[in-house]
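Listed below are the residues making up each chain.
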Amino acid sequence: DILKLPVQLLEGGWNLAKWEYWFRQSELSPAVQELAQHGVMTGQIDGASIFHIPQQYEGMLTQLRQALEDALKAQWSNTQFSVQYQALDSITPFTMQVMRKEKAFHRAVELLQQEPTIKRLIETFDAELQNIQLKP
């Protein structure tokens, strides 16, 4: 549940939550989704939209821009897509995902430590949990 994105009503103005929800739920290729998570969309859904992304992703965007723009226009025909290269001081979908994963990991550790069998092993052998991995 921690990793699950809350459903967003995709109308009105773009914000971080709407942008992330749209592209993570979309049919975009993994490469385009990778690009999308490093930027933030502003403006209006089904209107003038500006994709803000750091300059370091210019090469990647040059290759994938058309796929991103086409997906937006396929869903919202009035989309006017533009790009603004800039350093982002705000949180991006990438950083949001990292925070959700960290929170899920810490919660998993808590739950494992509360599990009766694990708890007894830790107490009996003065053990500790190490190298915990979460896999989908």
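### A look at the overall build of the protein
Next up, step 1: In terms of regular secondary structure, the protein is built from five helices and three strands.
Next up, step 2: Along its sequence from the N terminus, the protein presents helices and strands in the succession α-α-β-β-α-β-α-α.
Next up, step 3: Scaling as 2.2 N^0.38, a compact globule of 136 residues should have a C-alpha radius of gyration of about 14 Å, whereas the protein reaches 20 Å, well beyond that.
Next up, step 4: When the 136 residues of the protein are sorted by exposure, 32% land in the buried category.
Next up, step 5: Within the protein, contacts between residues at least 6 apart in sequence are counted, and of these 62% link residues at least 24 apart.
Next up, step 6: For the protein, the exposed surface amounts to about 8900 Å²; the carbon and sulfur share of it is 52%.
Next up, step 7: Positive and negative charge centroids in the protein, built from 12 and 16 side chains respectively, lie 4 Å apart.

### Some thoughts on the packing of helix H1 (residues 16-25) against helix H4 (residues 93-114)
Next up, step 1: Taken N-terminus to C-terminus, the directions of H1 and H4 make an angle of 85 degrees; their axes are 10 Å apart at the nearest point. With respect to H4, the element H1 is oriented roughly perpendicular. Taken together, the residues of H4 that come into contact with H1 (itself represented by Leu16, Trp19, Glu20, Phe23 and Arg24) are Pro93, Phe94, Met96, Gln97 and Arg100.
Next up, step 2: A breakdown of the residues in the contact of H1 with H4 according to their chemical character gives six nonpolar, one polar and three charged.

### Looking at the pattern of salt bridges
Next up, step 1: According to the stated counting rule, one finds five salt bridges in the structure shown.
Next up, step 2: Note that Glu69 is salt-bridged to Lys73, the shortest N-O span being 3.0 Å. One end of the pair is Glu69 and the other is Lys73, both in helix H3 (residues 58-75) and four residues apart, which spans about a single turn.
Next up, step 3: You can call Glu69 buried: its relative accessible area is 12%.
Next up, step 4: Between Glu110 and Arg107 there is a salt bridge whose closest N-O contact spans 3.0 Å. Here Glu110 and its partner Arg107 are both found in helix H4, three residues apart, which amounts to about one turn of the helix.
Next up, step 5: The class of Glu110 is partly exposed, set by a relative accessible area of 39%.

### Observations regarding the nonpolar core
Next up, step 1: Residues Trp14, Trp19, Trp22, Phe51, Leu68 and Leu72 are the most contacted members of the largest nonpolar core, which totals 22 residues.
Next up, step 2: Counting only elements with at least two residues in this core, the list comes to H1, helix H2 (30-36), strand E2 (48-53) and H3.
Next up, step 3: When residues no more than four places from it in sequence are discounted, the contact partners of Leu68 are Trp19, Trp22, Leu28, Val32, Phe51 and Phe81.

### A look at the sheet that holds strand E3 (residues 80-85)
Next up, step 1: One open sheet holds the three strands; their spatial order is E1-E2-E3, and the pairing between them is mixed. Of all the strands in the sheet, the pair left with one neighbour each is strand E1 (40-43) and E3. Each strand of the sheet is rotated relative to its neighbour by a mean of 30 degrees, with strand direction disregarded.
Next up, step 2: Pairing geometry for E1 and E2, over four bridges, is antiparallel. Opposite Gly43, over in E2, you have Ser49 as the bridge partner.
Next up, step 3: Lying on the sheet, H3 is in contact with E1, E2 and E3; it crosses E3 at an angle near 160 degrees.

What counts, and at which threshold
Residues numbered from 1 in each chain as written. Predicted model: local features only at pLDDT ≥ 70, side-chain atom pairs only at ≥ 80, totals over all residues. Heavy atoms only, no water. Helix = DSSP H or I, 4+ residues; strand = E, 2+ residues; numbered from the N terminus. Rg over C-alpha atoms; globule rule 2.2 N^0.38 Å. Buried < 20%, exposed > 50% of the residue type's maximum accessible area, 1.4 Å probe, protein only. Contact = heavy atoms within 4.5 Å. Areas by Shrake-Rupley, 256 points an atom, 1.4 Å probe, with all protein chains shown as cover. Lys, Arg positive; Asp, Glu negative; His and termini not counted. Charge placed at Lys NZ, Arg CZ, Asp CG, Glu CD. Axes fitted to C-alpha atoms, helices over the stretch in contact; angles between N-to-C directions. Parallel < 35°, antiparallel > 145°, perpendicular 65-115°, else oblique. Nonpolar A, V, L, I, M, F, W, Y, C, P; charged D, E, K, R; others polar. Salt bridge = Lys/Arg side-chain N within 4 Å of Asp/Glu carboxyl O. Core = buried A, V, L, I, M, F, W, Y, C linked by side-chain atoms within 4.5 Å. Pairing = 2+ DSSP bridges.

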